[in-house]
Amino acid sequence: MFKFPKDFLWGAATSSYQVEGNNKNCDWWQWEKKAGKTISGDACRHYGLYEHDFDIAKSLNHNAHRFSIEWSRIEPYEGKFSHKELQHYLDVILALKKRNIEPVVTLHHFTNPIWFTKRGGWENQHSVERYLRYCNFVVRALAKHVRYWITINEPTIFISHAYILGVWPPQKKSLLKAAYVEEHLALAHIKAYHLIHNIYKGLHLNKPKVSIAHNVMAFVPCKHSLRNRLAAYLRAKVYNIGFLERISMGNFLKRMPLDFIGINYYSRQVVAIKQLGAGNMAMDTCEKKHHRISKNSLGWDIYPKGLYDVLLELKKYNLPIMITENGICTYDDGQRWKYIHDHLKYIHRAMRKGVKVIGYLYWSLMDNFEWDKGFAPRFGIVGINYKTYKRTIRKSAKKFAEVCKNGILK
Ligand code: IFM
């Protein structure tokens, strides 16, 4: 039996574009059509059904919920802010609070307004001030009701998919552009961190808790050769720690502009270096099928111990850690419960070693639009029928609800 602290945050996460539907002023809306991808369309119709979805979260004993605000709804045209959409997100937050569910609010989750992308997106040096103007508008209005803010979701995934691999909009493959984007995202976070704190101070509110949701992975050497081990070690440093170190650079006494560390953990990478070279050290993975390990429906290795390893790696920062995402896409709901159960066991083990984990948010509350992969991957503890939009609570959700109820994992 594994006992978690009384004040632990239990719940699930979503993001606006993946569940709301009809985010027509967003760059993804244009891109999915242009690139011939699955159309997100109505997604899960969560924009209209959020009360119903939060009733479900409540019935599952969730006491926290992470969601994102869609920038392109709030600022559909440059400098023109929508009070109607702001009111919508205020209603969303109040609907959570009415149910005693703590909102964890993300300000940027991969998507950008079309006008912002047309002006060079995050490559443009003015991107930071544009993002801050949006943050200022939103945070000022919602501060009274929100304690936890996530400034940017998975900055490193955004950079790699949109600017290195070129598989997401704006589909560029340029290390130079990727470097600019990284610089701007890091600055955007640092400045937003201080902006949010200043807004709370000015409004005489208790200090907020601000972080990013940082994607982390386990890096495991395939065959314990020296070069595989070295590459795995270096990749863990660059991938798991690099952006965190980047945002703490230039801050007084290296104090990190983070009140907690939000991490999204899913899987591992097996490192197998084919030949010596910088590119190989950075990218080579094992393609042989000799690792017997279960996988999710997208073929990602399921490796719960990796979450434990990463948590211990992050312990040195001496900050609370929130699991802002952890989840599996699968058609086998039994596999989903095993995934949740095993990851929770390893989180508990890390906590026994002194890592202060403050919450666990499963990805995702409901099946959703999985970006360039469309609707086939099923991550939800709640299933969505995309013809009727009927929600079905899966068995895994009920088992997880038992843990959320009293913080005890059997
Ligand atoms: O669906 C995504 C989410 O938008 C960001 N983190 C990973 C999830 C699963 O791929």
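Located above this text is the structure these notes cover.
Keep in mind that this is a model prediction, so the values were computed, not measured.

1. Regarding the overall build of the chain
So, step 1. Within the chain one finds 14 helices and 12 strands.
So, step 2. Taken over the C-alpha trace, the chain has a radius of gyration of 20 Å; the compact-globule value for 410 residues is 22 Å, and the two agree within 12%.
So, step 3. A buried classification covers 61% of the 410 residues belonging to the chain.
So, step 4. Of the contacts formed within the chain by residues at least 6 apart in sequence, a portion of 76% connects residues at least 24 apart.
So, step 5. Counting every atom, the chain has about 17,700 Å² of accessible surface; 55% of that belongs to carbon and sulfur.
So, step 6. Charge-centre separation for the chain: the mean point of 64 positive side chains lies 5 Å from the mean point of 34 negative side chains.

2. Let's talk about the site of the ligand
So, step 1. Neighbouring the ligand are the residues Gln 18, His 109, Phe 110, Asn 153, Glu 154, Tyr 266, Trp 300, Glu 325, Trp 363, Glu 370, Trp 371 and Phe 379.
So, step 2. Within the side chain of Glu 154, a nitrogen or oxygen atom sits 2.8 Å from a nitrogen atom of the ligand.
So, step 3. Its free accessible area being 280 Å², the ligand has 95% of it covered by the protein chains.
So, step 4. Broken down by class, the residue content of the shell around the ligand amounts to 6 nonpolar, 3 polar and 3 charged.

3. A look at helix H12 (residues 305-314)
So, step 1. Along H12, the positions that sit buried rather than exposed are Gly 306, Leu 307, Tyr 308, Val 310, Leu 311 and Leu 314.
So, step 2. The inward-facing, buried residues of H12 contact strand E6 (209-221), helix H10 (226-248), strand E7 (261-271), strand E8 (321-325), helix H13 (333-352) and strand E9 (357-363).

4. Some remarks on the side chain of Arg 235
So, step 1. Its place among the elements puts Arg 235 in helix H10.
So, step 2. Among the polar contacts made by the side chain of Arg 235, one reaches the main-chain carbonyl oxygen of Asn 280 at a distance of 3.3 Å.
So, step 3. Within the structure, the side chain of Arg 235 is placed 3.2 Å from the backbone oxygen of Ala 282, a separation counted as a polar contact.
So, step 4. If sequence neighbours within four positions are ignored, Arg 235 has contacts with Phe 219, Asn 240, Gln 269, Val 271, Ile 273, Asn 280, Met 281, Ala 282, Met 283, Asp 284 and Thr 285.

5. Re a nonpolar patch on the surface
So, step 1. A cluster of nonpolar residues, Ile 164, Leu 165, Val 167, Leu 175 and Met 283, forms a patch on the protein surface that exposes about 460 Å² of accessible area.
So, step 2. One can find Val 167 in the loop between helix H8 (155-164) and helix H9 (175-202).

6. A short note on the packing of aromatic side chains
So, step 1. For the coordinates displayed, the defined rule picks out 35 aromatic pairs.
So, step 2. Each ring, one from Trp 28 and one from Trp 168, has its centre 5.7 Å from the other, and the planes form 70°; the classification is edge-to-face. Here Trp 168 lies in the loop between H8 and H9 and Trp 28 lies in helix H2 (residues 27-34), a separation of 140 residues in the sequence. Comparing Trp 28 with Trp 168 shows no difference in burial state: the two are buried.
So, step 3. With a centroid separation of 5.8 Å and 70° between ring planes, the pair formed by Tyr 360 and Phe 400 is classed as edge-to-face. A residue pair is termed long-range when its members are at least 10 positions apart, and Tyr 360 in strand E9 and Phe 400 in helix H14 (residues 395-406) qualify at 40 residues.
So, step 4. By relative accessible area, Phe 400 is classed as buried at 0%.
So, step 5. Just above the ring of Trp 29 sits the side chain of Lys 33; from NZ or CZ to the centre is 3.8 Å.
So, step 6. The ring of Tyr 308 is capped by Arg 349, whose NZ or CZ atom sits 5.9 Å from the centre of that ring.

Conventions used here
Residues numbered from 1 in each chain as written. Predicted model: local features only at pLDDT ≥ 70, side-chain atom pairs only at ≥ 80, totals over all residues. Heavy atoms only, no water. Helix = DSSP H or I, 4+ residues; strand = E, 2+ residues; numbered from the N terminus. Rg over C-alpha atoms; globule rule 2.2 N^0.38 Å. Buried < 20%, exposed > 50% of the residue type's maximum accessible area, 1.4 Å probe, protein only. Contact = heavy atoms within 4.5 Å. Areas by Shrake-Rupley, 256 points an atom, 1.4 Å probe, with all protein chains shown as cover. Lys, Arg positive; Asp, Glu negative; His and termini not counted. Charge placed at Lys NZ, Arg CZ, Asp CG, Glu CD. Near = heavy atom within 4 Å. Polar contact = N/O pair within 3.5 Å; in protein donor to acceptor, adjacent residues only side chain to side chain. Nonpolar A, V, L, I, M, F, W, Y, C, P; charged D, E, K, R; others polar. Patch = residues over 30% accessible without salt bridge, like charges linked within 9 Å, V, L, I, M, F, W, Y side chains within 5 Å. Salt bridge = Lys/Arg side-chain N within 4 Å of Asp/Glu carboxyl O. Phe/Tyr/Trp six-rings, centres within 6.5 Å; stacked < 30°, edge-to-face > 60°. Lys NZ or Arg CZ within 6 Å of the ring centre and 35° of its normal.

No statement about biological role is implied by the geometric values presented.
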